[in-house]
Every structure is written in C-alpha cells, then in structure tokens.
Number of protein chains: 2
Amino acid sequence: MSQTSQIIERLAAIVGAHEVLTGEAIGEDYTHDEALNLEPQMPVAVVKPGASEEVSLIMKTANELGVAVTARGAGTGLSGACVPKQGGIVVSFERMNKILEIDEENFVAVVEPGVCLDQLDVALAERGLVYPVYPGEYSASLGGNVNTNAGGMRAVKYGVTRHNVLGIEAVLADGSPIKSGGKLIKNSTGYDLTQLIIGSEGTLAIVTKAYLKLHPRPEHSATVLAPFATLDDVTQAIPKIVDSGIGPSMLEYIDLMTMHVMIEQLELKLGVSADIRAKALAYLVVQLENPIKARIEEDVVSLGEHLAELGAMEVYLLEPRAGREIIEAREKAFWLAKGNGANDIIDVVVPRASIAEFMQKVSAIAQETGSMIPGCGHAGDGNVHMGVFQPDPEKKSEVLRRIFQAGMDLGGAISGEHGLGVMKKPYFAELEDPVKIELMRNIKKAFDPKGILNPGTMFD
Amino acid sequence: MSQTSQIIERLAAIVGAHEVLTGEAIGEDYTHDEALNLEPQMPVAVVKPGASEEVSLIMKTANELGVAVTARGAGTGLSGACVPKQGGIVVSFERMNKILEIDEENFVAVVEPGVCLDQLDVALAERGLVYPVYPGEYSASLGGNVNTNAGGMRAVKYGVTRHNVLGIEAVLADGSPIKSGGKLIKNSTGYDLTQLIIGSEGTLAIVTKAYLKLHPRPEHSATVLAPFATLDDVTQAIPKIVDSGIGPSMLEYIDLMTMHVMIEQLELKLGVSADIRAKALAYLVVQLENPIKARIEEDVVSLGEHLAELGAMEVYLLEPRAGREIIEAREKAFWLAKGNGANDIIDVVVPRASIAEFMQKVSAIAQETGSMIPGCGHAGDGNVHMGVFQPDPEKKSEVLRRIFQAGMDLGGAISGEHGLGVMKKPYFAELEDPVKIELMRNIKKAFDPKGILNPGTMFD
C-alpha cells in the first residue's frame, strides 16, 4: 500500500470515511488562503475532526508516518500560513465550530477553533458582552486568529489576540493533548505556553480550544472623522489624543488614495466638502465608546477641541450609519486593494510616533520603483496596511524588502498582525537577526522534533 | 588554578576587580530572597555588570566554564528564584539601574533591569504618566518583575507585567545578545520571545533592558470599603461590579483575620463601627480612577448603589488618607504575615467566580490540619494570597500540596504572580501535567543546552 493510501485509510478510521476528502473531492478553497500571488497547493487529504480526541489520533498518525499537517480555520489569512504542504494533509476545523460555554461570571468564552468571529459576536451581543478583537474579516475563525495573533481596529483600546486569550487546549505533534491557562486572568506557573503558541501559525501545536477574555459591551459609541492637510499632522496628533485620557476604541488613518477609492467605489456619504477633499492628504477616524451616553457626548466635544487644536481641517461627528459605513469600508480596504489589482498586501508595524517618517520612506520607495503604495492603518498602534501595486515580480520583491527594512530600521517589525506565513518568510530570513531565527528553530524542534507541523511556514 | 579562581579572574577582567565580590565580601543579602524558610546559599562570586556588553561576556565565560548563573534584581521575590546555586555566580543588576528613556510620544519607558518601581514611578509622575504594574513591593526591580511576571492590585484594570512589557533585550546562555519587540504595541513576526522570557525566572535568558508600556496617569481616584457578612457575598459581588462598566482599578478582598491585624497593628482608622466589625466576615476594597473629577463622583455613587444591592453591610467612601493607608496596608500584608510568624506565603490563582468555593476548601484544610490560613487577595483576578501558619514542616508541605491541588481542581494554577522559584518546584513537579513539564524542559534546552541559567529553578 502506498503511503498516501495508508494515510487516507488511517484518517478514515479515525473520523469516518465521509470526513476525509481526497483527490477531486478536495475543493479548490482548501488549496490556498487570501494571500495574493501564492501558488495553490493540493493536499493529499483534507480531514475534518469532530473533537479534540480525533485531533490527537490524527497527529499521532501523522507523526508516526512523518506527514506534514496544516491546520485550517476559515482560510482568511493573508500570508499563506494555511496553504497545504506538498504531500501533506489539511486538518480543517469546519466541524469543530461550537461555542462551548459563555461564562458570564468569569467573563470567559470557551470556543472550538472553527467558531467564526461573527458567530461569536452574535452570541455575545445577546448577553451584553463583547470579544473585542476585530480584524477586518468577521468570517475569520478563532483558531486562525489565535495562530496569527490577529489584531484589528480595536487593538488601541483592547490589545490584540494575545491580550485576550487566557488559555488554550492544544494537541502536540505526537498527539499529546495539553491545557495551558484557562479561565485565569494571570498565571506565573512555568513558561507561558499559551503565549508561545499564540501567533505560531500552526507550527508548534494544533489549537483545539480557546478561552477568550470577554468585556462588557459598550452601549454607546460615536465616530468622528477629521481630514488633515498632511499625514505628518495626523501622526503628530495621535499621541496627544491617546494622552488626553479620552481612551478611543479606534484610531485609524486613511490616506488620500484609499479614501478616494472608498468614497467613489463604496459610495460613502461622509459629508466632506469637495473643497476639503481637494486639500486633505490624510484622514483620521476616531471611535469612542462609553457605557454612559452623556459621557460620550462630552468626550466628542473634548475630542473635537483636541483635533481642532492639532490642526484638523474640519471635525465631523458622523451620523451612526455613516460611522458604521466608514468602519466597514476601512475593514474592506483589503478587498478594495485586491479588487483594484494590488500585487501584494503588507502590514508593517513601527513605533507609533514613527509612522510619518516611515510613510515618507515608503513614498520615496514608491517613487523610485514606479510603484503605487496606498495605505491606511491602525494609527494608534503604528500598524500600517499597504497595498503594493507593482506587477513586475522582481521589482515587487525589491519594494517589499526595502519597505520591511525601512520599518525595521525604525525599530519596527515585518508584520503587525498578518503573520509571516510563507509569503513573508524569505524577507524574514534575510532581514531578521540570525541568532533569533536559530532560537526559534530550536523552539520549533522542542515542540515538533520531526518537523511535521506546518513545515516551511515562518522559516525553513 | 582552581575553577573558582579561574572564574573570579575572568569575571574581574570583564567588569573590573572591584565589581566582583567573593568570600566574606559577599553580603548576607545576596544569599537569599524574601521567600520564607529557604536555606541561604553562598555563591562563588557576585558580579556587577555595568552594561549589557559586560553581561554578554559574563555569559560567554560562564557557558564555557559550565558555571551556573543566577540573575538578581532587588531580591524581593517570594519563591527563591534568585537564591544562588551551589558553585554558581550571581549577576547583580544594582549598577544597571538607569531609566534610559521616557518616550512620551510612544508611551514607552526603556529601563535597565536594576531600575526599581519607585524610582520609575517618581520619574513618570513628573510627566503625568504611569507604569501601572504595582506589586506590593515598590523596591522591587523591573528585571525581577519581568522574570516573575509580577502582578499586583491594578491587574484587574491594567493586566500584569506580561501585558505591559512591549519588548526586551536579553543575553542568551552563550552570550549572544538579542532584541525582541520594542516600542511596538503589536507584532506578529515569528515566535514571541518576549512573552516566553517574561515569567521564566532567569532560566531562559538574562534580561538587560525592558520596553515598558506607559499610560496616562489618572488624576482622580477614590477608594471605597464595603464590609460583607460572608466571603461568599463578596465573591458573588465581583462579576457584577466588573460588569457594571465602572471599570475599577483595584478590587481587593480582605478576610476577617487579615483586617483585624491591619486595624490593630497598623492602627488603620477606617471608621468601621465596632458593631459592623463584629459581624463582617470579609471586606471588599474598590479603587476607582478617572481623569475627570465629576465622573469619579458619579461612579462612586453608582458603585455604592451596586454594593448595597449586592449585600454590603455598609459602604464607606474613605477619606484620601484612609484610602491610601488601606491600600498600603494591603501591600504590606506579606510583611504582617511574616512578622506574625507565617511559615509560608502562597498566591494560588483560580477563576474569579471560584474564589468562594476555593476558600471553603482552604478553610476545611486549615481545620483538618490545625493550621491557620488568613488571606486577602486580588478578588477581581481570582488571585488569593494566603499566609500559612503551620510550624510542622511535614504537615505544612501537606497543607500546601492540598491547597495547590484544590486550586488546580477548580481550573486554577499554583501561582498567580510570585512564580515557582525553588520553593514551589516540588509541588509543580508533583501536580502539573508531566507532558507540559517535559515540553518546558525541552524549551529550556533550546535556550540553554548546558543548563547554566538558574538551574533547578521551576523544575529540575
């Protein structure tokens, strides 16, 4: 019996033959994620476990046979971390999609990895609670979010995934299940395996359960839009707003090109006059939240005064519908960039105060290479999302390398939330300290001596 | 030349002979931390580097000679993590005590490991900023805080050390320096070495610099004290207060015995009537903060209503001086317990909603073993600090084992913030999942193949 038939037979014995897809039954969706320009890859099989015990048996089998295993949630990643490996299998969590518990006393939700953000949000909204990590894509799975350490617009107030996951259950490469953390706010008992596995892109363990920190759902919110004459003005305003004590829940900048596309293609009605639109080079979007309505109103006034002092050309308190629309448009920026033919999407992070300097460098790189690089970003976090329009592959690589280098020179990092996957792996290998990469490789070996967990992701 | 003389000579060549203490020049302080009942241990030498380059050379030498290295900050730990190893050296950070930068644009302080919390707080107060991690002991060093993942009373609002350290610089076992993270709010670029090293008690790397997240310093605060008839009433009130949206910055419970000692020995004047004192079995202390004075006043009223509804026997808004005093007294609870002859101090963490059940189990254990186990704790975090009064060493071990087991049975962990050190190592070895301990050992080997970094701490 060939190794392939052996794998398939043994997987079928674990989950049932109908939960193992092979050959043409493997839908095209399983061969890629949303990263642009990556070669799709057919796995040997897609297996759909229904419980963590099945995941254990799958890993035991894969480890014994030396088969590469790629975990897959909703496939919305942007770096190719869940693209199957040649000769490998995909463990798809579409059946493990249950919200196991919403514990209102401990403010914790316990979920399976296949639960999607919107599914969780609907369940939490009913109870006046929120899981505040909102990356743009609500169809993303929690398993994927944990593995890429997803961020999003609310990180400026609530932090990213790693700040909101209190514990995990996971299956190690050899099939052993472990539990790390749980319904605990703090823990100083041994190395923090939870934090190490978060953001490890499926290379250290397979997450089978996550304990998520919940927050009271703020009842009132307001969205303010402020056009500025320069991006410099925007970025200089940021620390002052953070320092004001108003505590915004979102603090986003949108550049001229991106705003233009949003207004034209999504038909946003923001009430910005043609005159201002002609002069503004960048926009700041600020969302405030508060459980008490009167305080939001006071805070909007105070924010408006701050923004005016900081050089905003105008301050618009958006109607609730327009507020929702601009935030949705901001979430869809990736799809707009993709739809308009972007050749790559990146999300460099730099110290917040260095955004202006970083963007000047990006502008220079764009000009020097004849590329178009529009962007928007989590200004409060220094996390800049850019579409790179440069059809020549070699030139594009050069553009990316130079942008990553520029970010790192400012004390930043290649990715703020999308992860490295396979797409950014070569740049990481080239630009990161080799001592750290070697250390990461050794950590990987400590978890996965045979190298079967998503091999070739993050580093070779 | 003996190995000892060789080490001493080489260390002297790195830092200068006057920065290496040996023999009788080694003060008694270097032989222990604040853990109760641990055997002090003399190191071969205490070396005081002045810069990270010197730390690199020290580690290179120690690695080559196979000498155990224990890093030491202020020595205020409670688990014996900085007790020297036999035949080993101590790297004391008393000279590396500079605040290198307070970056007001990025809200980041960059500090050397020997900087103490009070030193940092004075510098930040001048600028209207705060580093919000407040474990009881302000003379503690930031290096020690990072290595034990220190917590404290404000964790309910701001999280613990791991949520407030954005990056570190560290020296690996072989002397290689690395930088992980930095002035970055988020980062999804490879494994999070920062988070792995935080809480690793000096066993993975020597931290030489920390990037700390700062917050605006809240201008107004208020402290409310509420006596309750039972501990059950207190713990049932907690989730309701967290859910109310008031967002307390501290949420502490103090049991009858501890409150009695605080009032009598520290002469606290809280205005609690003799009648209430006779009936109250537990107290809740709630601190509120706000940049806007009027809001604090509103929140105090709202909190008072909540507490009354939740069964508080009385609600006292403390005068500012009394508010400060009760918080200071709470911070000093360890010293009170020590002064009164406690045989051990522990800090089990359980899910917040399980505190009452946990404390019932502790009561039963106390009764069954003839021990006295008074406590107080970070009720908002489920983190219970207890003094264990049981002079018989064997019986005491049994008490600790049973308390840890009771906490773990409720989904908790042995330590919320003090760490394992050497003191809790045997219990960890006995009670923790051996698969996880093996994994931690493998991680340790990935960082430190020769096992020279604080060997025998956390696990053997």
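Residues numbered from 1 in each chain as written. Chains lettered and ligands numbered in written order. Predicted model: local features only at pLDDT ≥ 70, side-chain atom pairs only at ≥ 80, totals over all residues. Heavy atoms only, no water.

## So, the overall build of chain A
Of regular secondary structure, chain A possesses 17 helices and 18 strands. The C-alpha radius of gyration computed for chain A amounts to 23 Å, which stays within 12% of the reference 23 Å derived for 460 residues, consistent with globular compactness. Judged by the C-alpha coordinates and their principal axes, chain A covers about 75 × 55 × 40 Å. Looking at chain A as a whole, 62% of its 460 residues qualify as buried. Contacts spanning at least 24 positions in sequence make up 74% of the contacts within chain A whose residues lie at least 6 apart. For chain A, the computed accessible surface area is about 16,400 Å², with 50% contributed by carbon and sulfur atoms. Counting 41 positive and 61 negative side-chain charges, chain A places the averaged centre of each group 3 Å from the other. (Helix = DSSP H or I, 4+ residues; strand = E, 2+ residues; numbered from the N terminus. Rg over C-alpha atoms; globule rule 2.2 N^0.38 Å. Buried < 20%, exposed > 50% of the residue type's maximum accessible area, 1.4 Å probe, protein only. Contact = heavy atoms within 4.5 Å. Areas by Shrake-Rupley, 256 points an atom, 1.4 Å probe, with all protein chains shown as cover. Lys, Arg positive; Asp, Glu negative; His and termini not counted. Charge placed at Lys NZ, Arg CZ, Asp CG, Glu CD.)

## Things to note about the interface of chain B and chain A
Residue-level contacts link 77 residues of chain B with 78 residues of chain A. Between chain B and chain A, a total of about 6,300 Å² is buried, with carbon and sulfur atoms accounting for 61% of that surface. On the chain B side of the contact with chain A, B:Lys186, B:Ser188 and B:Tyr191 bury the most area, a combined 15% of that side's loss. With its nearest N and O atoms 2.9 Å apart, the salt bridge here joins A:Asp381 to B:Lys186. Looking at the side of chain B that touches chain A, the elements with two or more residues in it are α6 (161-164), β9 (177-181), α7 (193-197), α8 (231-243), α11 (293-309) and α17 (434-447) of chain B. Among the elements that take part in the side of chain B that touches chain A, α17(B) stands out by supplying nine residues, more than any other. (Buried area = accessible area lost by both parts, 1.4 Å probe. Salt bridge = Lys/Arg side-chain N within 4 Å of Asp/Glu carboxyl O.)

## A look at the sheet that holds strand β3 (residues 69-72) of chain B
Residue and element names in this part refer to chain B. Spatially, β1-β2-β4-β3 is the arrangement adopted by the four strands of the open sheet, whose pairing is mixed. Each edge of the open sheet carries a strand with a single partner, namely β1 (20-21) and β3. When β3 meets strand β4 (residues 89-92), the two strands line up parallel, connected through four bridges. In the strand pairing of β4, Arg72 is matched with Ser92. (Pairing = 2+ DSSP bridges.)

## Remarks on the environment of A:Asn290
Take A:Asn290: it is sitting in strand β14 (residues 282-290). According to the relative accessible area criterion, A:Asn290 is buried, its value standing at 11%. Along the backbone, A:Asn290 and A:Glu169 are 121 residues apart, and their C-alpha atoms lie at a distance of 34 Å. Once you skip the residues sitting within four places of it in the chain, A:Asn290 turns out to touch A:Pro218, A:Glu219, A:His220, A:Arg295, A:Ile296, A:Asp299 and B:Arg295. A polar contact is formed between the side chain of A:Asn290 and the backbone nitrogen of A:Ile292, at a distance of 3.1 Å. (Polar contact = N/O pair within 3.5 Å; in protein donor to acceptor, adjacent residues only side chain to side chain.)

## Quick notes on unusual backbone geometry
Glycine aside, negative phi is the norm for most residues, and most peptide bonds take the trans geometry. All names here are of chain B. Here Glu201, not a glycine, exhibits a phi torsion of approximately 55 degrees, which is positive. Mapping Glu201 onto the fold places it in the loop between α7 and β10 (206-213). Here Glu201 falls in the buried class, since its relative accessible area comes to 4%. We note that Glu267 has phi near 55 degrees; this positive angle belongs to a residue other than glycine. With respect to the element layout, Glu267 can be found in the loop between α9 (256-265) and α10 (274-279).

## As for the side chain of A:Asn383
Relative to the helices and strands, A:Asn383 is located in strand β18 (residues 383-388). Owing to a relative accessible area of 0%, A:Asn383 belongs among the buried residues under this scheme. A polar side-chain atom of A:Asn383 sits 3.0 Å from the main-chain carbonyl oxygen of A:Asp347. If sequence neighbours within four positions are ignored, A:Asn383 has contacts with A:Asp347, A:Val348, A:Val349, A:Gly377, A:His378, A:Gly416, A:Glu417 and B:Lys186.

## Some points on helix α1 (residues 3-15) of chain B
Residues and elements named next belong to chain B. Given a rise of 1.5 Å per residue, 13 residues ought to cover 18 Å, and the 18 Å separating the end C-alpha atoms of α1 matches this to within 8%. Of all the positions in α1, only Ile7, Leu11, Ile14 and Val15 are classed as buried. Projected onto a plane normal to the axis of α1, the buried residues spread over an arc of 75 degrees and lie on a single side. Against β1, β2 (45-47), α2 (52-65) and β4 lie the buried residues of α1. One or two residues past the end of α1 sits Gly16, with phi positive at roughly 95 degrees. (Expected span 1.5 Å × (residues − 1). Arc of directions from axis to C-beta.)

## Comments concerning the environment of A:Ala68
All names here are of chain A. Considering the arrangement of structural elements, one finds Ala68 in the loop between α2 (52-65) and β3 (69-72). A relative accessible area of 12% places Ala68 in the buried class. Beyond its immediate sequence surroundings of up to four residues, Ala68 is in contact with Lys85, Gly88, Ile89, Ile452 and Pro455.

## Looking at the sheet that holds β3(A)
All names here are of chain A. In spatial order, the strands read β1-β2-β4-β3; together these four strands make up an open sheet with mixed pairing. Either end of the sheet is taken by a strand with one partner, and the two such strands are β1 (20-22) and β3. Neighbouring strand axes in the sheet, compared pairwise and without regard to direction, differ in orientation by 20 degrees on average. Sitting on the sheet, helix α1 (residues 3-15) is in contact with β1, β2 (45-47) and β4 (89-92), with an inclination near 155 degrees to β1. (Axes fitted to C-alpha atoms, helices over the stretch in contact; angles between N-to-C directions.)

## Some remarks on the confidence of the model for chain A
Close reading of the predicted structure is inappropriate where its pLDDT is low. Looking at chain A, pLDDT values average 95 and 100% of them are 70 or higher. Predicted complex, confidence summary: ipTM 0.96, pTM 0.97. (pLDDT = per-residue confidence, 0-100.)

## With respect to the pattern of salt bridges
Per the stated rule, a full pass over the model turns up 64 salt bridges over all chains. Of the charged contacts in the structure, one is a salt bridge between A:Arg402 and A:Glu368, with a shortest N-O distance of 2.5 Å. Placement of A:Arg402 in helix α15 (residues 393-409) and of A:Glu368 in helix α14 (residues 355-369) is noted, with a sequence separation of 34 residues between them. Overall, the relative accessible area of 55% leaves A:Glu368 in the exposed class. Residues B:Lys424 and B:Asp347 are paired through a salt bridge, measuring 3.8 Å at the closest nitrogen-oxygen approach. In this pair, B:Lys424 sits in the loop between α15 (393-409) and α16 (425-431) while B:Asp347 sits in strand β16 (residues 344-349), placing the two residues 77 residues apart along the sequence. For the residue pair B:Lys424 and B:Asp347, the accessibility class agrees, reading buried in each case. Bridged by salt links that share partners, the residues A:Glu101, A:Asp103 and A:Lys183 form one connected network.

## Examining the side chain of B:Thr258
Residue and element names in this part refer to chain B. The topology assignment puts Thr258 in helix α9. A polar contact of 2.7 Å, which involves the side chain of Thr258, links it to the side chain of Asp255. The contact partners of Thr258, leaving out residues within four places of it in the chain, are Pro374, Gly375 and Cys376.

## Side note on the relation of the copies chain B and chain A
Expressed as a screw operation, the relation of chain B to chain A combines 0.0 Å of axial shift with a rotation of 180 degrees, fitting to an RMSD of 0.0 Å. Expressed as a symmetry operation, the mapping of one chain copy onto the other fits a two-fold axis. Here 100% of the interface residues in chain B have copies in chain A that are interface residues too; the copies meet face to matching face. (Least-squares fit on C-alpha atoms with pLDDT ≥ 70 in both.)

## Observations regarding the environment of A:Ile26
All names here are of chain A. Its place among the elements puts Ile26 in the loop between β1 and β2. The spacing of Ile26 and Pro43 is 17 residues in sequence and 8.3 Å in space, taken between C-alpha atoms. Apart from the residues within four sequence positions on either side, Ile26 is in contact with Leu21, Met42, Pro43, Val44, Ala45 and Val46.

## Points about the pairing of strand β10 (residues 206-213) of chain A
All names here are of chain A. In terms of residue burial, β10 counts as a mostly covered element, since six of its eight residues are buried. Sheet topology places strand β8 (residues 165-171) next to β10; six bridges connect them, and they run antiparallel. Bridge assignment links Gly167 to a residue of β10, and that residue is Tyr211.

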